[in-house]
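# Structural overview for review
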Protein chains: 2
Amino acid sequence: MKHIESVKNNKVKQWKKLQKKKEREQSGTFIIEGFHLVEEALKVDNLVEEVIISEDRSIPSEWDLNHVELIYAVPNVLKEISETETPQGVAAICRIPEQNERKIQPNQKILLLDNVQDPGNVGTMIRTADAAGMDMVILGEGCADLYSSKVIRSTQGSIFHLPIARGDLKSYIKECKELQTPVYGTSLQNGVPYQEVQPSESFALILGNEGKGMAQEHLEMTDQNLYIPIHGQSESLNVGVAAGILMYFLRG
Amino acid sequence: MKHIESVKNNKVKQWKKLQKKKEREQSGTFIIEGFHLVEEALKVDNLVEEVIISEDRSIPSEWDLNHVELIYAVPNVLKEISETETPQGVAAICRIPEQNERKIQPNQKILLLDNVQDPGNVGTMIRTADAAGMDMVILGEGCADLYSSKVIRSTQGSIFHLPIARGDLKSYIKECKELQTPVYGTSLQNGVPYQEVQPSESFALILGNEGKGMAQEHLEMTDQNLYIPIHGQSESLNVGVAAGILMYFLRG
């Protein structure tokens, strides 16, 4: 069993680099931390490559570490590679899954994000999509990087629960329409109050950027654009909250 | 007109201290920053005492600065008192309103927060309550401090749009019940799916702590406890998202 004594170990330097998007893309791996996230990741086949645990912590007995390299390290190593203020003493290196054309199927519920920049918002929406029983999440261009530490933490493990694709929203919108899945955009300016559409088993819902909303070119491709009525004096809702209200309404 | 040249000016030191809760309580004031928030604050009578603006910025012509002291300062002063990474060059010192027993009226919609600790969650829920047309928000014990910079920023100005009380939730729950306002708690363990209750003009809704949920003693005082069904594999929803789904559903 490997044991790492120093933060100057080359492995530690490599792990720490995974805080940067470029390094994640080059290596095809990302890092997660905390007992809950590592546990959720271990439930997925062929995802986790290495588990790094502080020597003053123990591996929960129910974890299945077959095909996973287990590495013990001094507590400082875990502090070094952590991006949280109070590291739990456990981390894991995971493979970035292939973007193997996750195809949309008929009768699915899909959440699409158009240029949602805040990592906390992206993560929270993935978590809510999981809870609402959505079948897939699609991150369009301009979205926060799926494998950044803040996004992963905000998903609370849901990143491992449902397929998440990344790519050009236009082609996904077209796919939905070909499958007769109604596509709803969101816009403060135009559209109908969301309560006017019928909940259904199958729909695609698009949420947009925190400040600018959805791209006009995407708004023009939808079947219907929705808004959430504002009854008080606030100008808008947080995009993650809006996503939750709409997903739970539309699924009925 | 006052002009402050140095970050060592005593006023600057005092303003900076307002980042701490204790100092806010002792002085009875709090600090806000950014053009949008200061503009929203200026619309409220007797709230803003001082506006501090960087000498390289201009006051928007529509701002009414009667009864407000306007202070120009070098840009570094605004940087010094700011809690954001990219300060906009404007801030204001506001009076903390008297806790003059904000009484609940009959036929109101009230949001109560029970030990919600994350400032972003508290702020977002105030923003959503404003949007959903709630009449009042009540922060129970253990909640993030209303006048902290992060809470204020997350409200996006809604902190100035509706009455927000702080105090013991028990007395507020009792008041609601005396006024025949139905009180709904939230709990993952017990209760009914939220869709089983009827939307109505008047209700009180309680959301709880991010990890532990609502206090048992409060759950026992409600008329009904609700939960949001989880259809996927996530364990729970973000509390701010849950609040949005429930407020928009219950108001109908």
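The name recorded for chain A in an unreviewed UniProt entry is RNA methyltransferase, from Sutcliffiella horikoshii. The annotation that UniProt attaches to chain A under Sequence similarities (unreviewed entry) is "Belongs to the class IV-like SAM-binding methyltransferase superfamily. RNA methyltransferase TrmH family."

This part covers the sheet that holds strand 8 (residues 164-166) of chain B. Residue and element names in this part refer to chain B. A sheet is described by the order of its strands in space; here 7 strands give the open sequence 8-7-6-11-9-12-10, paired in parallel fashion. Every interior strand has two partners, whereas the edge strands, strand 8 and strand 10 (192-193), have only one. Here helix 5 (residues 119-131) sits on the sheet in contact with strand 6 (109-113), strand 7 (136-139), strand 8 and strand 11 (203-207), set at roughly 175° to strand 6.

Turning chain A through 180° and shifting it by 0.0 Å along the axis lays it on chain B, with an RMSD of 0.0 Å. Interpreted geometrically, this transformation is the action of a two-fold axis. An overlap of 97% is found between the interface residues of chain A and their copies at the interface of chain B, pointing to a shared contact surface.

Ranked by internal contacts, the top residues of the largest apolar core, which has 117 residues, are I32, V51 and L111 of chain A together with I32, V51 and L111 of chain B. Once residues lying within four places of it in the same chain are set aside, the contact partners of V51 of chain A are V38, L42, I59, W63, L65, V68, E69, L70, I71, V90, A91 and A92 of chain A.

Right, let's talk about the packing of helix 5 (residues 119-131) of chain A against helix 9 (residues 239-251) of chain A for a bit. Residue and element names in this part refer to chain A. Between helix 5 and helix 9, the shortest axis-to-axis distance is 9 Å and the interhelical angle comes to 15°. With respect to their mutual orientation, helix 5 and helix 9 come out roughly parallel. Classified by chirality, the crossing of helix 9 by helix 5 is right-handed. Each of N121, M125, T128, A129 and A131 in helix 5 lies in contact with helix 9, whose residues at this interface are V239, G240, A243, G244, M247 and Y248. For the contact of helix 5 with helix 9, a count of residues per class yields 7 nonpolar, 4 polar and no charged.

Residue and element names in this part refer to chain A. Looking at the element boundaries, E5 is found in the loop between strand 1 (2-4) and helix 1 (10-17). Residue classification places E5 among the exposed residues on the basis of a relative accessible area of 57%. Along the primary structure E5 and V74 are separated by 69 residues, whereas in three dimensions their C-alpha atoms are 5.6 Å apart. Within the structure, E5 has its side chain in polar contact with the side chain of H3 (distance 3.1 Å).

So, how was this worked out
- Residues numbered from 1 in each chain as written.
- Chains lettered and ligands numbered in written order.
- Predicted model: local features only at pLDDT ≥ 70, side-chain atom pairs only at ≥ 80, totals over all residues.
- Heavy atoms only, no water.
- UniProt positions renumbered as here; feature names shortened; annotations may be inferred.
- Pairing = 2+ DSSP bridges.
- Helix = DSSP H or I, 4+ residues; strand = E, 2+ residues; numbered from the N terminus.
- Contact = heavy atoms within 4.5 Å.
- Axes fitted to C-alpha atoms, helices over the stretch in contact; angles between N-to-C directions.
- Least-squares fit on C-alpha atoms with pLDDT ≥ 70 in both.
- Core = buried A, V, L, I, M, F, W, Y, C linked by side-chain atoms within 4.5 Å.
- Buried < 20%, exposed > 50% of the residue type's maximum accessible area, 1.4 Å probe, protein only.
- Parallel < 35°, antiparallel > 145°, perpendicular 65-115°, else oblique.
- Left-handed = near helix turned anticlockwise from the far one by under 90°.
- Nonpolar A, V, L, I, M, F, W, Y, C, P; charged D, E, K, R; others polar.
- Polar contact = N/O pair within 3.5 Å; in protein donor to acceptor, adjacent residues only side chain to side chain.

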